Amino acid sequence: MKIVVVGSGGREHALAHQLVQSPQVERCYCLPGNGGTATLPKTENIALSGDDITGITQFCQGQAIDLVVVGPELPLTLGLADQLRQVGIKVFGPGQVGAQIEASKSWAKALMMAAGVPTAFGETFTNEASAQAYVTQQGAPIVVKADGLAAGKGVVVAMTEAEAQQAITELFSQGFNKVVVEEFLVGQEVSVLALTDGLTVRPLLPAQDHKRIGEGDTGPNTGGMGVYAPAPLATPSLMEQVQKTVLEPTVAELRRRGIDYRGVLYAGLMVGPEGQVKVLEYNCRFGDPETQAILPLLVTPLEEVLLACVEQRLASLPPLQWQSASAVCVVLAAGGYPGAYAKGQVITGIEEARALGALVFHAGTELQAEQLLTAGGRVLGMTALGPDLKTAIAEAYRVLQPIYFEDMYYRRDIGHRALST
Ligand code: AMP
Ligand code: GLY
């Protein structure tokens, strides 16, 4: 099989790494890939970016690609999957209409309401004054969300009315023409990434991300600073609740609307104090860094699972096999991230970390004249496995020790909350 992975982050490195383990996969092209995918066996980086729909389609046709796996949301929202399907290429990822589940918070909210999926109560506004009036009526805390892709910066959890009003003003002035204002939910967050072929839906192991930059979940939001899987918070009975009240009704509602959704349905969930689950958001793709912790635990060959979704035969696929272990991924970031940070710093210690047992997933790196340099805010994801969560956490922090680049920053408390509860 010849496979294409679209994207350039840690998630895509983890996808490609998992795919090339299988003897069935003879070639993997990463578009455009990064410094990590450049060194994977059977793998080649191709300088095509995710938004180059025509270029990607032509490449896949020219190489007779058997399966395309789309990492990020942007190409999906631009219709890459529709375009590839139109020319007969198999693609894992929803079309443009289905991708709205992530790209439009108001669309997703309406879909959840129609499907009876538990979520925060919310209203959509197309003008600033009515959104402000609603905040005054509801009071704080309250949550304001931009209705569009905002690279993780479109959500403000406002503790005061003034903060919410300011967020609304800012979002409209930034050019968003819709905002969703919703009820503030309390509880613990868990990510359930599910695979669907549009008919059947199956969850992967539940994971917990750490979105804030600072230890103890403080400071600004980031793309994700670390993650562990499986998350003990998501007990078998909670997963059953998620399957019945969230995943199945959502897929049924997508189908009822005539949307052929084959890919990841990623539910960001809040588990309330009484164990009730509500959806905070949906994404139309694998999570980053969730993928870097979940996939290393998967025993079933990944391409078999993805093909079963694409060929709409997920119902007859045997249950997914998982290692009975825990995985932890700690993200090493450039100092200053998620604000301004330096690029082009030399990274050392990767081979030494590997020798200690680390799975090193590159996020923002590039290979220049044989030298590995930082090229993004989140630079590396360091994953380690252990027989239980406590051991996996200790392992992840042990195996990252050899890595060095100037102003490297990472959280030292990944997974600690799960140990203390
Ligand atoms: P989202 O991009 O919708 O996942 O929102 C980003 C983060 O904002 C989530 O991971 C939560 O921590 C927080 N958040 C979003 N919606 C709510 C809500 N209704 N209540 C409390 N926190 C929320
Ligand atoms: N880790 C959060 C996300 O992928 O959206």
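The following paragraphs examine the structure supplied in this document. (Residues numbered from 1 in each chain as written. Chains lettered and ligands numbered in written order. Predicted model: local features only at pLDDT ≥ 70, side-chain atom pairs only at ≥ 80, totals over all residues. Heavy atoms only, no water.)

### Description of the environment of Ala 293
Next up, step 1: Positionally, Ala 293 belongs in helix H10 (residues 290–294).
Next up, step 2: Since its relative accessible area comes to 0%, Ala 293 is described here as buried.
Next up, step 3: It is 23 Å that separates the C-alpha atoms of Ala 293 and Val 91, two residues lying 202 residues apart in sequence. (Helix = DSSP H or I, 4+ residues; strand = E, 2+ residues; numbered from the N terminus. Buried < 20%, exposed > 50% of the residue type's maximum accessible area, 1.4 Å probe, protein only.)

### Some remarks on the site of ligand 1
Next up, step 1: Around ligand 1, the surrounding shell holds 15 residues, and the nearest of these are Glu 182, Glu 183, Leu 185, Glu 189 and Glu 281.
Next up, step 2: In this structure, Lys 211 approaches ligand 1 through a side-chain N or O atom, which is 3.0 Å from an oxygen atom.
Next up, step 3: Contact with the protein chains removes 88% of the 470 Å² of surface that ligand 1 exposes when unbound.
Next up, step 4: Among the secondary structure elements, those contributing two or more residues to the shell around ligand 1 are strand S7 (142–146), strand S8 (155–158), strand S9 (179–183) and strand S17 (277–283).
Next up, step 5: Per-class residue counts for the shell around ligand 1 are 8 nonpolar, no polar and 7 charged. (Near = heavy atom within 4 Å. Polar contact = N/O pair within 3.5 Å; in protein donor to acceptor, adjacent residues only side chain to side chain. Areas by Shrake-Rupley, 256 points an atom, 1.4 Å probe, with all protein chains shown as cover. Nonpolar A, V, L, I, M, F, W, Y, C, P; charged D, E, K, R; others polar.)

### Thoughts on the site of ligand 2
Next up, step 1: Taken together, Asp 209, Gly 223, Tyr 266, Asn 283, Arg 285, Gly 287, Asp 288, Pro 289 and Glu 290 make up the full set of residues adjacent to ligand 2.
Next up, step 2: In this structure, Arg 285 approaches ligand 2 through a side-chain N or O atom, which is 2.9 Å from an oxygen atom.
Next up, step 3: For ligand 2, a nitrogen atom lies 2.9 Å from a polar atom in the backbone of Asp 288.
Next up, step 4: Protein contacts shield 89% of the accessible area of ligand 2, which totals 190 Å² for the unbound molecule.

### Regarding the packing of aromatic side chains
Next up, step 1: Scanning the entire structure with this criterion turns up 5 aromatic pairs.
Next up, step 2: Here the aromatic rings of Tyr 29 and Phe 59 are separated by 5.2 Å at their centres, their planes lie at 80 degrees, and the arrangement is edge-to-face. Residue Tyr 29 is found in strand S2 (residues 27–32), and its partner Phe 59 is found in helix H2 (residues 53–62); the two are separated by 30 residues along the sequence.
Next up, step 3: Of the residues examined, Tyr 29 reaches a relative accessible area of 7% and is grouped as buried.
Next up, step 4: Overall, Phe 59 belongs to the buried group, its relative accessible area being 14%.
Next up, step 5: Ring centres of Phe 125 and Tyr 134 lie 5.1 Å apart, and the angle between their planes is 45 degrees; this geometry places the pair in the tilted category. (Phe/Tyr/Trp six-rings, centres within 6.5 Å; stacked < 30°, edge-to-face > 60°.)

### Focus: the packing of helix H7 (residues 128–138) against helix H8 (residues 161–173)
Next up, step 1: It is the contact of H7 with H8, at a shortest axis distance of 10 Å, that shows an interaxial angle of 165 degrees. In terms of orientation, H7 and H8 fall into the roughly antiparallel class. Relative to H8, the crossing made by H7 is right-handed. Side by side, H7 and H8 meet where Glu 128, Ala 131, Gln 132, Val 135 and Thr 136 of the first sit next to Glu 161, Ala 164, Gln 165, Ile 168, Thr 169 and Phe 172 of the second. (Axes fitted to C-alpha atoms, helices over the stretch in contact; angles between N-to-C directions. Parallel < 35°, antiparallel > 145°, perpendicular 65-115°, else oblique. Left-handed = near helix turned anticlockwise from the far one by under 90°. Contact = heavy atoms within 4.5 Å.)

### Here's the deal with the sheet that holds strand S1 (residues 2–7)
Next up, step 1: Read from one edge to the other, the open sheet built from 5 strands follows the order S3-S2-S1-S4-S5, with strand pairing classed as parallel. Strands at the two margins of the open sheet, each flanked by one partner only, are strand S3 (43–45) and strand S5 (91–92).
Next up, step 2: The pairing of S1 with strand S4 (residues 67–70) spans 4 bridges and is parallel. Pairing of Val 4 across the sheet is with Val 68, part of S4.
Next up, step 3: Helix-sheet contacts for helix H1 (residues 10–19) involve S1, S2 and S4, and the interaxial angle to S1 is about 170 degrees. (Pairing = 2+ DSSP bridges.)

### Re the side chain of His 13
Next up, step 1: Residue position: His 13 is located in helix H1.
Next up, step 2: Taking relative accessible area as the criterion, His 13 reaches 3% and is therefore assigned buried.
Next up, step 3: Reaching out from His 13, the side chain makes a polar contact with the backbone nitrogen of His 362 at a distance of 2.8 Å.
Next up, step 4: Among all residues touching His 13, those that are not within four sequence positions of it are Asn 34, Gly 36, Thr 37, Leu 40, Val 360, Phe 361 and His 362.

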